[in-house]
Amino acid sequence: MAIQTLRDALRDGLAEEMRHDDKVFLMGEEVAEYNGAYKVSKGLLDEFGAKRVIDTPIAELGFAGIGVGAAMNGLRPVVEFMTWNFAVLAFDQIVNNAAKTLSQSAGQFSCPIVFRGPSGSAGQLAQQHSQTFESWMANCPGLKVISCIDPADTKGLLKSAIRDNDPVCLMESESYYGFKGEVPEGADILVPIGKAAIRREGTDVTLVSFNKMMEVTKAAADELAKEGISAEVIDLRTIRPLDHKTLVESVKKTNRMVVIDESWPFAGVSAEIAYEIQKYAFDHLDAPVVRVNSADTSLGYAPTLVEEYLPNPAKVIKAVKEVMYINA
């Protein structure tokens, strides 16, 4: 095992897949000469050259479309968006072309492409640069959606995504590219798409989250343990396909669930999970599923508004005590 940042794990995963298959190439704004806006592609231009690490104009719709066309013709593009907020401009290609290629062609063409970049808030970046897009992408049939910050798992999931024959959206975190974790060395390790990870075993309540909200969730679980409350912590890792089985089996054990989701509450990932649990584990619930989301408004610039807007450990602890009928 080696200690690596999320940034380095992503870079190594990209490099390994580019060595493994010469059909894999990277394209996006500043990915080549500048080594990537977040230095995820550092050194890749030197190793693989300008035909496989391609700087693009500031034109998300255009280079996403080039990637979709390349994928339909047998290549395996990795398209980096500087942020998923900018990918809104490319949604026509992602949603209307990449996601629908297989069905529209009656199975004659697949679209093995990975769209990747940071999603969610990254501090004081205000309304147009702080949105969380997992539920947007997962709402579209034909797309697979990964959202994880654990370096080892993200590397393995990226490698699986590049080898997958379907279009995959990989959601990262701008504020967690420096996040460190243990990553296996010297092995071609793939992490399966569609399988959640149990980060902490527990008996009293199930806490479910993904991406950087996992750190909020873990912090809440630590505080709850001091009060004698045993929380099971589940990292979804993949939003679509969703690992319903792991969630249901956990609720059968704990009988309670709190879902922590950085996105807005209406029609989001947390809402889908709450529906699935009440449908498939209703008889095991001792309390309604409670959700902890960001505020149902656009994110302001002021640091006080950022703090109030996002989920935090205190909000999670309050929700846990609610489902356990403990007076706070």
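Presented here is an overview of the structure given in this document. Nothing here was measured: the structure is a model prediction, and the numbers come from that model.

So, how was this worked out
Residues numbered from 1 in each chain as written. Predicted model: local features only at pLDDT ≥ 70, side-chain atom pairs only at ≥ 80, totals over all residues. Heavy atoms only, no water. Helix = DSSP H or I, 4+ residues; strand = E, 2+ residues; numbered from the N terminus. Buried < 20%, exposed > 50% of the residue type's maximum accessible area, 1.4 Å probe, protein only. Contact = heavy atoms within 4.5 Å. Areas by Shrake-Rupley, 256 points an atom, 1.4 Å probe, with all protein chains shown as cover. Lys, Arg positive; Asp, Glu negative; His and termini not counted. Charge placed at Lys NZ, Arg CZ, Asp CG, Glu CD. Axes fitted to C-alpha atoms, helices over the stretch in contact; angles between N-to-C directions. Parallel < 35°, antiparallel > 145°, perpendicular 65-115°, else oblique. Left-handed = near helix turned anticlockwise from the far one by under 90°. Nonpolar A, V, L, I, M, F, W, Y, C, P; charged D, E, K, R; others polar. Salt bridge = Lys/Arg side-chain N within 4 Å of Asp/Glu carboxyl O. Expected span 1.5 Å × (residues − 1). Pairing = 2+ DSSP bridges. Right-handed = clockwise from strand over helix to strand, strands pointing away.

**Observations concerning the overall build of the protein chain**
Helix and strand content of the protein chain: 13 helices and 14 strands. With the C-alpha coordinates aligned to their principal axes, the bounding extent of the protein chain is approximately 60 × 45 × 40 Å. Counting the 328 residues in the protein chain, one finds 54% classified as buried. The long-range fraction of contacts in the protein chain, counting pairs at least 24 apart against all pairs at least 6 apart in sequence, stands at 80%. Per element, the accessible surface of the protein chain, about 13900 Å² overall, is 52% carbon and sulfur. The averaged location of the 45 negative side-chain charges in the protein chain is 3 Å from the averaged location of its 33 positive side-chain charges.

**Thoughts on the packing of helix 10 (residues 244-254) against helix 11 (residues 269-280)**
In the contact formed by helix 10 and helix 11, the axes pass within 10 Å of each other and the chain directions differ by 60°. Classed by the angle they form, the pair helix 10 and helix 11 counts as oblique. Pair helix 10 / helix 11 crosses with right-handed handedness. Between helix 10 and helix 11, the contacting residues are His-244, Leu-247, Val-248 and Val-251 on the first element and Ile-273, Glu-276, Ile-277 and Tyr-280 on the second. Among the residues forming the contact of helix 10 with helix 11, the class breakdown is 6 nonpolar, 1 polar and 1 charged.

**A look at the pattern of salt bridges**
One pass over the structure, following the stated rule, counts 25 salt bridges. Between Arg-163 and Asp-188 there is a salt bridge, and its shortest N-O distance comes to 2.9 Å. Placement of the pair is Arg-163 in helix 8 (residues 151-163) and Asp-188 in the loop between strand 8 (180-183) and strand 9 (197-200), with a sequence separation of 25 residues. Classification of Arg-163 by relative accessible area gives partly exposed; the value is 27%. When its relative accessible area of 46% is taken as the criterion, Asp-188 is described as partly exposed. The closest approach of N and O atoms between Asp-235 and Arg-199, which form a salt bridge, is 2.9 Å. One end of the pair, Asp-235, is in strand 11 (residues 231-235); the other, Arg-199, is in strand 9, and 36 residues separate them in sequence. Given a relative accessible area of 3%, Asp-235 falls into the buried group. One connected set of salt bridges, linked through shared partners, spans Glu-16, Glu-17, Lys-155, Lys-159, Arg-163 and Asp-188.

**A few points about helix 1 (residues 6-20)**
Across its 15 residues, helix 1 extends 21 Å between first and last C-alpha, which sits within 8% of the 21 Å expected from 1.5 Å per residue. Of all the residues in helix 1, the buried ones are Leu-6, Ala-9, Leu-10, Gly-13, Leu-14, Ala-15, Glu-17 and Met-18.

**Things to note about the sheet that holds strand 4 (residues 76-80)**
Spatially, 3-2-4-5-7-6-12 is the arrangement adopted by the 7 strands of the open sheet, whose pairing is mixed. Each edge of the sheet is formed by a strand with only one pairing partner; in this case those strands are strand 3 (53-55) and strand 12 (238-240). Within this sheet the neighbouring strands show an average axis-to-axis angle of 20°, counted without direction. Examined bridge by bridge, strand 6 (residues 144-147) and strand 7 (residues 168-172) share 4 bridges and lie parallel to one another.

**Considerations on the environment of Ile-54**
Position of Ile-54 relative to the elements: it lies in strand 3. Overall, Ile-54 belongs to the partly exposed group, its relative accessible area being 26%. In the structure, Ile-54 is positioned 27 residues away from Met-27 in sequence and 4.6 Å away in space, judged by C-alpha atoms. Beyond its immediate stretch of four places on either side in the chain, Ile-54 contacts Phe-25, Leu-26, Met-27, Gly-28 and Val-31.

**What about the pairing of strand 7?**
Of all 5 residues in strand 7, 5 are buried; the element is thus mostly enclosed. Taking every second residue as pointing to the same face, both faces of strand 7 are buried, with Val-168, Leu-170 and Glu-172 on one and Cys-169 and Met-171 on the other. By the bridge criterion, 5 bridges tie strand 5 (residues 114-118) to strand 7 in an arrangement that is parallel. Across the sheet, residue Arg-116 finds its bridge partner in strand 7, namely Leu-170. Remark: the strand 6/helix 8/strand 7 crossover connection has right-handed handedness.

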